[in-house]
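Breakdown of the fold
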Amino acid sequence: MSESSQEDQLLIQRAQGGDRSSFNALVRKYEQKAYQYAYRLTRNQEEAADIVAEAFFRIFNALHNFRGNSTFNTWLYRILTNCYLDHRKKERLRTHSSLDSSFATSEGEMTIEVEDTRPLPDEQATREVRNERFEEAVLSLPEFQRALIVMYHGENMSYEEMAAALDLPVGTIKSRLNRARLVLRERLVKDEELFQP
Amino acid sequence: MTAEKAREHFSALYEGTLEQGLRSVLERKLSMDASLQAEYKAFQRTMQMLDQMKDEPVEIPIYLSDRIATRIEQAQGPRRGTLLSGWIGRLALGAAATLVLAATARTILVNNSAPVAQAGLIGVSAVVSPTVESTSSRNQAMVRYFDARPAVCTVKDAEGTLSRYQTTPNTPFSVKLDNPNQEASIFEVQFRADSGIIIAVPGQKLQVSSTGTGTLKNFALAIADRYGIPVVLSRVDDSRTVNWNLSGTDAHADATRAVSGENLTVTLTSKDTLLISDR
């Protein structure tokens, strides 16, 4: 067990015993990392802050049930991901039609494509335009695929860590992440000239 | 092997984890199918873009801790509120930090007790680093810091004059660096042993210098002189030598070109400063 995990275990035990300063210490230790993940998922400061706040609220209420079967870090990512998916579901129910309306299928969420009427990029597209289009393409992914992409590429999590956080077999994580990357690739086809070497 | 089946193995092929026999079959399939091969090349480019995601810095909003505390307190209701109020009080924006001011015109202290837009910048490391912003005056830069732990901010200007300030935990701290010279000057700012930074603050006038050889500090000064933006050196060996030719109008592009092959990252921050750090 790493030193960080040992420290977490101690803080959790104390927090479970009613020590609020230990819970505060856990929040301070993880709030920035949690925000980083939430922001990379949403690309929206307010939304990310709400998701993080909701996640720590759920942790506060469920801490007495935490048995240490996974690390706190893994548990946190699971709760953050669920908060993000719940948040997006509420947003979809609130707006009947939006630019990235989605519907559920057996493979997860699918997004209805809307025609892009923006002018074609200039031949001398800048790196900023390329990054912007790439970011838009990631944002347009179905939420679960986006979460997989951000966990692996943004948070540098291993397949095993992702499997533990999402409670799925490693093989399932690998195949779904591969699928997400292929979908992302398809989304970038219309901007292919920006991504040529 | 069908094309569909081949695509299922793209990630494993890219990551080098494909079992040898399957890898041979897939590579043979790619060599015989130009269209699929083009798809895989495009997949590789997508993966390269994705691999940069973890290096993208994310700025933490100043109100994050307060938002978390408020959410938990709301759920607790009024009868439980007092139990957390001490925590929220410590997290909320409070009184100004205790100061020790040096008698110098070169460092102007501004203590904010009002909310500011951004609190901090995190990169790959968990270390809390100060952020640097340009201001409406070219020859000034603002350093901001926010940490749950107390710290002593030490500022050393180009003359070697030292100023020291005591920060308060969970309270935004800021200090304005004022350069009265015509040309860019170096300020060294440190909060903790692991978070020292060097900032080249532009002078009153832009300088024409465009080519040169020198240390990273000299390079930072050259950029600040030419483009009029603060340049931050963070976690680098500032005595390293680089050659530069700043001939364009884009500070970020020119600086990146100058340090290519040096294992350094150049970032243009949202606060209009240039950040040079170890890759």
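Source: prediction; values computed, not measured.

1. Structural notes on the packing of aromatic side chains
Evaluated as defined, the whole model comprises 14 aromatic pairs over all chains. Relative to A:Phe72, the ring of A:Tyr30 has its centre 5.0 Å away and its plane inclined at 55 degrees; by these criteria the two rings are tilted. Here A:Tyr30 is found in helix α2 (residues 20-42), whereas its partner A:Phe72 is found in helix α4 (residues 72-94), with 42 residues between them in sequence. Accessibility assignment for this pair places A:Tyr30 and A:Phe72 in one class, buried. An aromatic cluster is built from A:Tyr30, A:Phe66, A:Phe72 and A:Trp75, whose rings are joined through pairwise contacts. Against the face of A:Tyr152 rests A:Arg181, its NZ or CZ located 4.9 Å from the ring centre. Over the ring of A:Phe57 we find B:Arg71; its NZ or CZ atom is 3.9 Å from the centre of that ring.

2. Let's talk about the confidence of the model for chain A
Residues and elements named next belong to chain A. Per-residue confidence for chain A gives a mean pLDDT of 83, with 80% of residues at or over 70. The least confident element of chain A, judged by mean pLDDT, is strand β1 (residues 102-105) at 46; the most confident is helix α6 (residues 143-154) at 96. Here residues 97-112 is modelled with pLDDT under 50, and outside its nearest four sequence neighbours on either side it reaches 25 contacts, counting other chains as well.

3. Some points on the interface of chain B and chain A
One widely used convention gives an interface's size as the accessible area the parts lose upon coming together. Contacts between chain B and chain A engage 41 residues on the former and 45 residues on the latter. Applying the counting rule to chain B against chain A returns five salt bridges. In this structure, B:Arg67 and A:Asp50 form a salt bridge, with 2.6 Å as the shortest nitrogen-oxygen distance. When contributions to the side of chain B that touches chain A are tallied by element, the ones reaching two or more residues are α1 (3-8), α2 (10-15), α4 (34-50), β1 (58-61), α5 (64-76), α6 (78-91) and β4 (118-122) of chain B. The element that contributes the greatest number of residues to the side of chain B that touches chain A is α5(B), accounting for eight residues. Here the residues of the side of chain B that touches chain A are counted per class, giving 20 nonpolar, nine polar and 12 charged.

4. Considering the nonpolar core
Membership of the largest hydrophobic core comes to 74 residues, with the highest contact counts inside it found for A:Val52, A:Phe56 and A:Ile59. Ranked by the residues each element gives to this core, the list is headed by helix α3 (residues 45-62) of chain A, at 10 residues. Those residues within four positions of A:Phe56 in sequence are excluded, and the remaining contacts are A:Phe23, A:Val27, A:Tyr30, A:Glu31, A:Ala34, A:Leu76, B:Ile68 and B:Ile72. With 26 residues, the next largest nonpolar core counts B:Ala222, B:Ala224, B:Ile229 and B:Val259 among its residues.

5. Here's the deal with unusual backbone geometry
Residue and element names in this part refer to chain A. Located in the positive-phi region is Asn 156, a residue other than glycine, with phi close to 60 degrees. Along the chain, Asn 156 falls in the loop between α6 and α7 (159-166). On the accessibility criterion, Asn 156 (53% relative accessible area) is exposed. Phi angles above zero are rare outside glycine, and Asp 167 is one such case at about 55 degrees. Mapped onto the elements of the fold, Asp 167 is located in the loop between α7 and α8 (170-187). Its relative accessible area of 63% is what places Asp 167 among the exposed residues.

6. Examining the side chain of A:Asp8
All names here are of chain A. Relative to the helices and strands, Asp 8 resides in helix α1 (residues 3-16). Judged by its relative accessible area of 3%, Asp 8 is buried. Here the side chain of Asp 8 touches Lys 29 through a polar contact of 2.6 Å, side chain to side chain. Other than its neighbours up to four places away in sequence, Asp 8 contacts Leu 26, Lys 29, Tyr 30 and Phe 72.

Procedures and definitions
- Residues numbered from 1 in each chain as written.
- Chains lettered and ligands numbered in written order.
- Predicted model: local features only at pLDDT ≥ 70, side-chain atom pairs only at ≥ 80, totals over all residues.
- Heavy atoms only, no water.
- Phe/Tyr/Trp six-rings, centres within 6.5 Å; stacked < 30°, edge-to-face > 60°.
- Helix = DSSP H or I, 4+ residues; strand = E, 2+ residues; numbered from the N terminus.
- Buried < 20%, exposed > 50% of the residue type's maximum accessible area, 1.4 Å probe, protein only.
- Lys NZ or Arg CZ within 6 Å of the ring centre and 35° of its normal.
- pLDDT = per-residue confidence, 0-100.
- Contact = heavy atoms within 4.5 Å.
- Salt bridge = Lys/Arg side-chain N within 4 Å of Asp/Glu carboxyl O.
- Nonpolar A, V, L, I, M, F, W, Y, C, P; charged D, E, K, R; others polar.
- Core = buried A, V, L, I, M, F, W, Y, C linked by side-chain atoms within 4.5 Å.
- Polar contact = N/O pair within 3.5 Å; in protein donor to acceptor, adjacent residues only side chain to side chain.

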